[in-house]
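# Results of the structural survey
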Amino acid sequence: MSSAAALAPVPSGAGEIVYQLSDVGKTYARNAIHALQGINLTLRKGSFSSVIGSSGCGKSTLLKIMAGLIPPTTGRVVLQGRPVTGPRRDIGMMFQQATLFPWRTTLENIVLPIEIRDGAQAAKAAHDRARALLELVGLKGFEKNYPGELSGGMAQRAAICRMLITEPAVLLLDEPFSALDELTRDFMNMELQRICASRDATAFLVTHSIPEAVILSDVVYVMKPRPGRVAEEVEIDLPRPRTLDMITTPRFGALVERIRSRLDKEAFI
């Protein structure tokens, strides 16, 4: 394990280890292309972590490995004490687009993972849980609306519900609000923080936005390219709950500058 990983601070209030990656690497084209090398990450219960880096540094590859969509070439990926060898029920995933089926109502879209996994009767039994999630994200009353009747932010909130309906152990977030306008994105980030806190959720976010990573995270992993490695683990010591007013504080600015300077440095190495 790298010295940076070994000395990484544990986020205050975080619980037991939920997810652990040990010396994970990934190569393509008969080992000619090294996408990732020596990745060591530890996610604890209730923590929020982000990974940030330039395009091509392996962020998406890392997330796919964590989701069980592709296997690592080297290393070990363990979730709740069991190796991740493929997609699992205790892994929740959210993408850049809401990807709701237009012919299904909001409620029907939310229970879809249960319907696919356990059948129509199980999905019907989950309707009350889905309604509770809709109320949690502020969409009570929109159960029968179709995706075309929802705004972008509302659709992403419905997608959050769909991710949470299976009660996953970890939430993997692939730039879920990047397609939204800045004001809506700020609002959704605050909503995401509130939802994760209310459920003591463990979350891992891929983002290109330094302010987004700082406002949401306990730890930000800064990646360097060729091959993708963790250059630095930055502890975000801002108090919780976070507010948008913090963006104007000197401490927030200092954290953003620290991450940006490291990214600038690693982009040319």
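For the structure itself, look to the data block above.
Residues numbered from 1 in each chain as written. Predicted model: local features only at pLDDT ≥ 70, side-chain atom pairs only at ≥ 80, totals over all residues. Heavy atoms only, no water.

Once that is clear, we can look at helix 8 (residues 182-199). The terminal C-alpha atoms of helix 8, which comprises 18 residues, lie 26 Å apart, in line with the 26 Å expected from a rise of 1.5 Å per residue. Elements in contact with the buried residues of helix 8: strand 3 (48-52), helix 6 (127-136), helix 7 (152-164), strand 7 (170-174), strand 8 (203-206) and helix 9 (210-216). By the N-cap criterion, in which a side-chain oxygen at the helix start approaches the backbone nitrogen of a residue two or three places on, helix 8 is capped by D181, the distance to L183 being 3.2 Å. Count one or two residues on from helix 8 and you reach D200, which has phi positive near 50°. (Helix = DSSP H or I, 4+ residues; strand = E, 2+ residues; numbered from the N terminus. Expected span 1.5 Å × (residues − 1). Contact = heavy atoms within 4.5 Å. Polar contact = N/O pair within 3.5 Å; in protein donor to acceptor, adjacent residues only side chain to side chain.)

Moving on to unusual backbone geometry. Geometrically, the link from R240 to P241 is a cis peptide bond, its omega value of 5° lying close to zero. One non-glycine residue, Q80, lies in the positive phi region at around 50°. Examined against the element boundaries, Q80 turns out to sit in the loop between strand 4 (74-79) and strand 5 (82-83). The backbone of E175 sits at a positive phi, close to 45°, despite the residue not being glycine. The residue E175 is located in the loop between strand 7 and helix 8 in this model. Residue E175 is classed as buried on the basis of its relative accessible area of 10%. (Buried < 20%, exposed > 50% of the residue type's maximum accessible area, 1.4 Å probe, protein only.)

Let's shift gears to the nonpolar core. Burial of nonpolar side chains together is a common tendency in soluble globular proteins. In this structure, F48, I160, L171, L173, V214 and I259 are the most contacted members of the largest nonpolar core, which totals 54 residues. With 8 residues, helix 7 is the largest single contributor of residues to this core. The contacts of I160, once residues within four sequence positions are left out, are M94, F177, M188 and I195. Grouped together as the second largest cluster of nonpolar side chains are 28 residues, Y19, L62, A169 and V170 included. (Core = buried A, V, L, I, M, F, W, Y, C linked by side-chain atoms within 4.5 Å.)

Under the defined criterion, the tally for this structure stands at 13 salt bridges. In this structure, D90 and R88 form a salt bridge, with 2.8 Å as the shortest nitrogen-oxygen distance. Exposure class is identical for D90 and R88. Each is buried. Across the pair E232 and R258 runs a salt bridge, and its minimum N-O distance is 2.5 Å. Taken together, the residues span a long stretch of sequence, with E232 in strand 10 (residues 229-235) and R258 in helix 10 (residues 250-266) at a distance of 26 residues. (Salt bridge = Lys/Arg side-chain N within 4 Å of Asp/Glu carboxyl O.)

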